Amino acid sequence: MKIIMLGAPGAGKGTYASKILAPELNVPHISTGDLFRAEAVSGSELSAKIKEIIDKGDLVPDEIVIDMLKNRLGQDDAQNGFILDGFPRNMEQAKMLDEITDVDFVLNVRLADEIIIKKIAGRRICRKCGYIYNVADIHEGGIDMPPLLPEKEGICDKCSGELYQRDDDAEAIVRDRLKLYYEKTAPLIEYYEKRGIVKNIDVNGGPDIMRPVILKLIGKA
Ligand code: AMP
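Here goes a summary of the coordinates provided. Treat the numbers as computed from the prediction; the structure is a model and nothing was measured.

## Here we look at the overall build of the chain
A tally of helices and strands in the chain yields nine helices and ten strands. Taken against the 2.2 N^0.38 rule, which gives 17 Å for 221 residues, the C-alpha radius of gyration of the chain at 17 Å falls within 12% of a compact globule. Seen through its principal axes, the chain has C-alpha atoms that stretch 45 × 45 × 35 Å. Taken across its 221 residues, the chain has 49% of its residues classed as buried. Taking all contacts inside the chain whose residues are at least 6 apart in sequence as the whole, residues at least 24 apart take part in 70%. Carbon and sulfur atoms make up 48% of the accessible area of the chain, which totals about 11300 Å². Taking the average location of the 31 positive side-chain charges in the chain and that of its 37 negative ones, the two points are 2 Å from each other.

## A short note on the sheet that holds strand β4 (residues 105-110)
The five strands are arranged β2-β3-β1-β4-β10 in an open sheet whose pairing can be described as parallel. Pairing within the sheet leaves two strands with one partner each, and these edge strands are β2 (29-31) and β10 (198-202). Strand after strand, the sheet turns through a mean of 25° between neighbouring axes, direction not considered. Here strand β1 (residues 2-7) runs beside β4; their pairing, made up of five bridges, is parallel. Bridged to Leu6 within β4 is Asn108. Packing of helix α1 (residues 13-25) onto the sheet brings it into contact with β1, β2, β3 (82-85) and β4, and relative to β1 it is tilted by some 165°.

## Description of the packing of aromatic side chains
Each aromatic ring pair is specified by the distance between its two centres and by the angle formed by the two planes. Applying the stated criterion across every chain yields a total of three aromatic pairs. Judged by centre distance (5.0 Å) and plane angle (70°), the ring pair of Tyr181 and Tyr182 falls under edge-to-face. A relative accessible area of 9% places Tyr181 in the buried class. When the ring centre of Tyr164 is taken as origin, the NZ or CZ atom of Arg127, which lies over that ring, is 4.4 Å away.

## Examining the packing of helix α6 (residues 113-121) against helix α7 (residues 171-185)
As a packed pair, α6 and α7 sit with axes 10 Å apart at the nearest point and diverge in direction by 135°. Considering their axes alone, α6 and α7 lie oblique with respect to each other. Relative to α7, the crossing made by α6 is right-handed. Mapping the contact onto sequence places Asp113, Glu114, Ile116, Ile117 and Ile120 in α6 and Glu171, Val174, Arg175, Leu178 and Tyr182 in α7.

## Some points on the site of the ligand
Taken together, 15 residues are adjacent to the ligand, and Thr32, Arg37, Asp58, Gly86 and Gln93 come closest. One nitrogen or oxygen atom from the side chain of Thr32 is found 2.8 Å from a nitrogen atom belonging to the ligand. Between Arg177 and the ligand, the recorded distance is 3.2 Å, taken from a side-chain N or O atom to an oxygen atom. In the complex, 96% of the free accessible area of the ligand, which totals 480 Å², lies under the protein chains. In terms of residue count, helix α2 (residues 32-40) provides more of the shell around the ligand than any other element does, four residues in total. Of the residues that constitute the shell around the ligand, the class distribution is six nonpolar, four polar and five charged.

## Quick notes on the sheet that holds strand β9 (residues 163-164)
Strand order in this open sheet of three strands is β6-β5-β9, and the pairing throughout is antiparallel. The open sheet is flanked by β6 (132-134) and β9, the only strands paired with a single partner. Pairing between strand β5 (residues 123-126) and β9: two bridges, direction antiparallel. Note on β9: the bridge partner recorded for Ile125 is Tyr164.

## A closer look at the nonpolar core
One finds Ile3, Met5, Leu21, Leu84, Leu97 and Tyr192 to be the most contacted residues of the largest nonpolar core, which totals 63 residues. Setting aside chain neighbours within four positions, we find Met5 in contact with Lys13, Tyr16, Ala17, Leu21, Ile83, Leu84, Asp85, Gly86, Leu107 and Val109.

## Remarks on the state of the cysteines
As enumerated under the stated definition, the model contains zero disulfides in all. With no disulfide of its own, Cys129 lies closest to Cys159 among cysteine sulfurs, the gap being 3.7 Å. Here Cys129 falls in the partly exposed class, since its relative accessible area comes to 42%.

Cut-offs used in this document
The residue count restarts for each chain, going from 1 along the sequence in the order it is written. Predicted model: local features are reported for residues with pLDDT of at least 70 only, side-chain atom pairs are reported and counted for 80 or more only, and whole-chain, interface and lining totals are derived from all residues. Excluding hydrogens and water, the side-chain values take into account all heavy atoms of the structure. A run of H or I in DSSP becomes a helix once it reaches four residues, and a run of E becomes a strand once it reaches two; helices and strands are each numbered from the N terminus. The reference for a compact globule is 2.2 Å times residues^0.38; the radius of gyration itself is calculated from the C-alpha atoms. Accessibility here uses a 1.4 Å probe with only protein chains present; expressed as a share of the type maximum, an area under 20% marks a residue as buried, one over 50% as exposed, and anything in between as partly exposed. Here a residue-residue contact requires only that any non-hydrogen atoms of the pair lie within 4.5 Å. Here, Shrake-Rupley sampling with a 1.4 Å probe gives the accessible areas, and only protein chains in the shown set may cover a residue. Charge assignment in this entry is limited to Lys and Arg as positive and Asp and Glu as negative, and neither His nor the chain termini are counted. Taken as the charge centre is NZ of Lys, CZ of Arg, CG of Asp or CD of Glu, depending on the residue. Strand pairing is assigned whenever DSSP detects at least two bridges linking the two strands. Between N-to-C directions, angles cover 0 to 180 degrees, with each direction set by a line fitted to C-alpha atoms, over the stretch in contact for helices. Note on aromatic contacts: the rings of Phe and Tyr and the six-membered ring of Trp form a pair at centre separations within 6.5 Å, being stacked when their planes are under 30 degrees apart, edge-to-face when over 60 apart, and tilted otherwise. In our convention, an over-ring charge means Lys NZ or Arg CZ found within 6 Å of a ring centre and within 35 degrees of that ring's normal. Here is the rule for angles: anything less than 35 degrees is roughly parallel, anything more than 145 is roughly antiparallel, 65 through 115 is roughly perpendicular, and the remaining ranges are oblique. The handedness criterion is simple: a crossing whose near helix is rotated anticlockwise from the far helix by less than a right angle is left-handed, and one whose near helix is rotated clockwise is right-handed. In this text, near means that some heavy atom of the residue lies within 4 Å of the molecule or strand in question. Polar contact criterion, stated in full: a pair of N or O atoms within 3.5 Å, where within protein one must be able to donate a hydrogen and the other to accept it, and residues adjacent in sequence count only if both atoms are side-chain atoms. Side-chain classes follow a simple rule in which Ala, Val, Leu, Ile, Met, Phe, Trp, Tyr, Cys and Pro form the nonpolar group, Asp, Glu, Lys and Arg form the charged group, and the remainder, Gly included, forms the polar group. Among buried residues, those of type Ala, Val, Leu, Ile, Met, Phe, Trp, Tyr and Cys that are joined through side-chain atoms within 4.5 Å constitute a nonpolar core. The rule for a disulfide is simple: a pair of cysteine sulfur atoms within 2.5 Å.

In structure tokens, the structure reads:
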């Protein structure tokens with residue numbers, strides 16, 4: 001199955017893709033953000049440029065993104081499907097993706113901006129394996145999102161890696177990233193709605209609550 005995750009930064013795309021969809025469907029979770037964060041610390045020719053762009057919350061130029069994505073989609077594990085998270089980010093990328101492959105579903109994850117800002121402030125990520133935790137405890141606006149804590153503070157349960165907070169998860173940068181999302185990425189919802197492949201996910205709880213909702217949407221419940 002080939003799936004695109006759409007939705008604002010921090011809405012839950014990465015968590016649902018990595019913890020629910022990828023293991024259930026047995027296809028890779030391909031996050032262009034993760035690919036660029038790895039590139040930023042790889043010491044390659046592009047590292048410094050990419051790090052600067054990510055830290056500011058800007059978008060990496062389309063040519064670089066497309067090269068990276070084509071390469072990743074060409075790998076063996078992506079031949080039976082994939083879950084794209086963070087791509088496409090604008091209309092040009094969506095059109096380029098159309099030239100490479102078709103997709104079965106676009107899952108559009110929806111969560112109010114003010115909740116997103118609180119949730120992102122609590123996000124902690126394992127430096128080694130990328131597993132996502134959250135220290136925020138959110139109960140408002142009909143949303144019950146308890147924290148997703150590791151057993152030992154600051155240490156990943158899965159691999160004992162160190163948990164860290166992304167530089168671009170600082171509130172001022174998140175507000176810029178949200179603005180960019182509404183300007184460049186949100187119009188893609190209509191683009192895919194015209195094909196009748198968009199399914200909306202209204203987030204009202206943590207991954208345990210959302211799991212059956214998401215599996216039902218893709219016909220796996
Ligand atoms: P994310 O983890 O999806 O929030 O992505 C983190 C950062 O990586 C973004 O703020 C961008 O700087 C960069 N990035 C990720 N995916 C893309 C993309 N498809 N196009 C351009 N930049 C991207």
